Amino acid sequence: MSILLSETHGGILTLTMNRPEAINAFTTEMLQALAKAFHKEATAPEVRVVVLRGAGRGFCSGQDLREFAGQTISYKAHLRNYTAVVENIAALEKPVIAAIHGAAAGAGMSLALACDLRIASSDAIFTTGFSKIGLIPDAGMNYHLPRIVGYAKAFELEALSPRLSAEQALALGLVNRVVPAEQFAEEVGNLAAELAAGPTKTYGLIKRALRRSAGATLEEMLEYEALLQEVASRTEDHKEGVQAFYEKRAAKFGGK
Ligand code: T3D
């Protein structure tokens, strides 16, 4: 069985981390497979949205502590493995949904935060976990977490590593929505299908704009928005959206 399962259906690429015996803990092999999938499979034109999920009882428990077994962490290996996954998600000009059930811990939580949207099952739990084993959060957590919850809450979550329920995560804005466990698969499918039927190029430009805004001034963003708007206005989906408005019907976006 592959360590990372992938399936494309109706414009939705579903990537399933597949090491259920260890709550999908990351091995080097899995990280490299993820980086490749976000760089290659996810960029195929027929893919309009990516869903990232875990097999078995949870989403992902972070670094496999058995593989890593107390060795000194290599800076270069870290850049090759974790950094590539997070960068490839950020660079992908399509929405990426983290579908979280069970545990999202350590770099598994970092990975969820690196996605564009998070939908959680009511049985999901979140914990940064790193400080419990004397490590600092990585895989982009120090970038994404304070931007979602602010410095003080991020420090608390990183330093004390509490276990947060899905509802607590929702209250902090860590997830976009929580759905009952029994409806989770269906609701993930509905959200993915809605995005897969949307203006894909526009979503990519929204992602670019929001990512740029994290380090930009208002003046820089006003200029960047003007530039991106010119690009958006050339898409077929923009023309279709305006035509649908005139004709008082729902737009049929082709993602072009
Ligand atoms: O290379 C670098 O650059 C370093 C990068 C580091 C990044 C990191 O992610 S560091 C943080 C690593 N992750 C953790 O410390 C989390 C460890 N796991 C947990 O805290 C808990 O397992 C969970 C909160 C995730 C889930 O708790 P629970 O009670 O639902 O499950 P459990 O019973 O603890 O675990 C179930 C099984 O999964 C168990 O195996 P067993 O006993 O049934 O054979 C457990 O050992 C295994 N497992 C869970 N997490 C990991 C793991 N095996 C290997 N690595 C894990 N991270």
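Per chain, residue numbering runs from 1 following the sequence as it is written. Local features are withheld for residues below a pLDDT of 70 in this predicted model, meaning they are given only at 70 or higher, and side-chain atom pairs are given and counted only at 80 or more; totals for whole chains, interfaces and linings count all residues. Values shown for side chains rest on all heavy atoms present in the structure; no hydrogens or waters enter the calculation.

> Pulling in residues and values, what's your account of the site of the ligand?
Near the ligand, the surroundings consist of 23 residues, among which Arg57, Ser61, Gln63, His78 and Ala107 are the closest. Within 3.5 Å is the distance limit for a polar contact, defined as a pair of N or O atoms, with the added protein rule that one can donate a hydrogen and the other accept it, and that residues adjacent in sequence qualify only through two side-chain atoms. The contact in question runs from a nitrogen atom of the ligand to an N or O atom on the backbone of serine 61, over 2.9 Å. Surface exposure here means Shrake-Rupley accessible area, sampled with a 1.4 Å probe, where a residue is shielded only by the protein chains that are shown. Taking 1100 Å² as the accessible area of the ligand by itself, protein coverage stands at 69%. We place a 1 Å grid over just the protein atoms. Points where a 1.4 Å probe fits but has no way out form a cavity, open points with protein on both sides within 12 Å along at least 5 of 7 lines form a pocket, and any residue with an atom within 4 Å of a point lines it. Criterion for pocket placement: a molecule counts as inside a cavity or pocket if more than half of its atoms are within 2 Å of its grid points. In this structure, the ligand is accommodated by the largest pocket. Secondary structure is summarised from DSSP: a helix means a run of H or I of at least four residues, a strand means a run of E of at least two, and numbering begins at the N terminus for each. For the shell around the ligand, the element with the most residues is helix α2 (residues 65-68), which contributes three residues. Polar here means any residue outside two lists: the nonpolar Ala, Val, Leu, Ile, Met, Phe, Trp, Tyr, Cys and Pro, and the charged Asp, Glu, Lys and Arg; Gly therefore counts as polar. Considered class by class, the residues forming the shell around the ligand number twelve nonpolar, five polar and six charged. Each residue is tested against the molecule or strand, and it is near if at least one of its non-hydrogen atoms lies within 4 Å.

> How would you summarise the nonpolar core if you had to cite specific residues and measurements?
Within the largest apolar cluster, 52 residues are counted, with the highest numbers of intra-cluster contacts made by Met17, Phe26, Leu34, Phe38, Phe59 and Phe126. In this text, buried Ala, Val, Leu, Ile, Met, Phe, Trp, Tyr and Cys residues form a nonpolar core when linked through side-chain atoms within 4.5 Å. Exposure classes here rest on a 1.4 Å probe applied to the protein chains alone. A residue is buried below 20% of its type maximum, exposed above 50%, and partly exposed in between. Within the second largest apolar cluster, 13 residues are counted, among which are Ile97, Ala99, Val188 and Leu195.

> Could you give an account of helix α9 (residues 200-213), with specific residues and numbers?
Here the expected span of a helix is defined as 1.5 Å times the quantity of residues minus one. Compared with an ideal rise of 1.5 Å per residue, which puts 14 residues at 20 Å, α9 spans 20 Å between its outermost C-alpha atoms and is within 8% of the ideal. Taken together, the buried residues of α9 touch α3 (75-91), β4 (96-100), α10 (218-233) and α11 (236-246). Only heavy atoms enter the contact rule, under which two residues are in contact if any of them lie within 4.5 Å.

> An account of helix α5 (residues 141-149) is requested, with residue identities and associated values reported.
Those residues of α5 not exposed but buried are Met141, His144, Leu145 and Val149. The arc that holds the buried residues of α5, viewed along the axis, is 100 degrees, so those residues lie on one side. On its buried side, α5 packs onto α3, α4 (107-114), α6 (151-160) and α9. Immediately downstream of α5, the backbone of glycine 150 shows phi near 90 degrees, a positive value. Of all possible arcs, the one meant is that of the directions from the helix axis to the C-beta atoms.

> Tell me about the side chain of threonine 128, residues and numbers included.
When you line up the elements, threonine 128 lands in the loop between β7 (125-127) and α5. There is a polar contact of 3.1 Å between the side chain of threonine 128 and the side chain of serine 161. Leaving out residues up to four positions away in the same chain, threonine 128 has contacts with Ala105, Gly106, Met109, Met141, Leu145, Leu157, Glu158 and Ser161.

> Tell me about the sheet that holds strand β5 (residues 103-105), residues and numbers included.
Taking strand neighbours across the sheet as the criterion, the three strands line up as β5-β7-β8 in an open arrangement whose pairing is mixed. For this open sheet the edge positions go to β5 and β8 (164-165), each flanked by a neighbour on one side alone. We treat two strands as partners when DSSP finds at least two bridges between them. Of the pairings in the sheet, the one linking β7 to β8 comprises two bridges and is antiparallel in character. Bridge pairing links phenylalanine 126 to leucine 164 in β8. In this description, a line fitted to the C-alpha atoms serves as the axis of each element, helices being fitted only across the stretch in contact, and the angle between N-to-C directions of two axes falls anywhere from 0 to 180 degrees. In the packing of α4 onto the sheet, the strands contacted are β5 and β7, and the crossing angle to β5 comes to about 95 degrees.

> So what's going on with the packing of aromatic side chains? Which residues, and what values?
Two aromatic rings from Phe, Tyr or Trp, using only the six-membered ring of Trp, form a pair when their centres are within 6.5 Å; if the ring planes differ by under 30 degrees the pair is stacked, by over 60 it is edge-to-face, and anything between is tilted. This structure, assessed with the given rule, holds three aromatic pairs. Centre to centre, the rings of phenylalanine 26 and tyrosine 82 are 5.7 Å apart; their planes meet at 85 degrees, and the pair counts as edge-to-face. Residue phenylalanine 26 is located in the loop between β2 (12-17) and α1 (28-39), and its partner tyrosine 82 is located in helix α3; the two are separated by 56 residues in the primary sequence. Taken individually, phenylalanine 26 and tyrosine 82 each receive the classification buried, so the pair is uniform in this respect.

> Please provide a residue-by-residue account of the pairing of strand β1 (residues 4-9), values included.
Strand direction decides the pairing type here: β1 and β2, joined by six bridges, are antiparallel. Looking across to β2, one finds that glutamate 7 is bridged to threonine 14. The hairpin formed by β1 and β2 contains two residues between the paired strands, and glycine 10 there has a positive phi angle of roughly 55 degrees.

> Pulling in residues and values, what's your account of the pairing of strand β3 (residues 49-54)?
Buried residues dominate β3, accounting for five of its six residues. Here β2 runs beside β3; their pairing, made up of six bridges, is parallel. Within β3, the position partnered with leucine 13 by the bridge is valine 50. Where the polypeptide runs from β2 across α1 and back to β3, its parallel neighbour, the crossover connection is right-handed. Bridge analysis of β3 against β4 gives three bridges, and the strand direction is parallel. Note on β4: the bridge partner recorded for valine 50 is valine 96. By the criterion used throughout, a crossover qualifies as right-handed when its path from the first strand across the helix to the second strand runs clockwise, the strands pointing away from the viewer.

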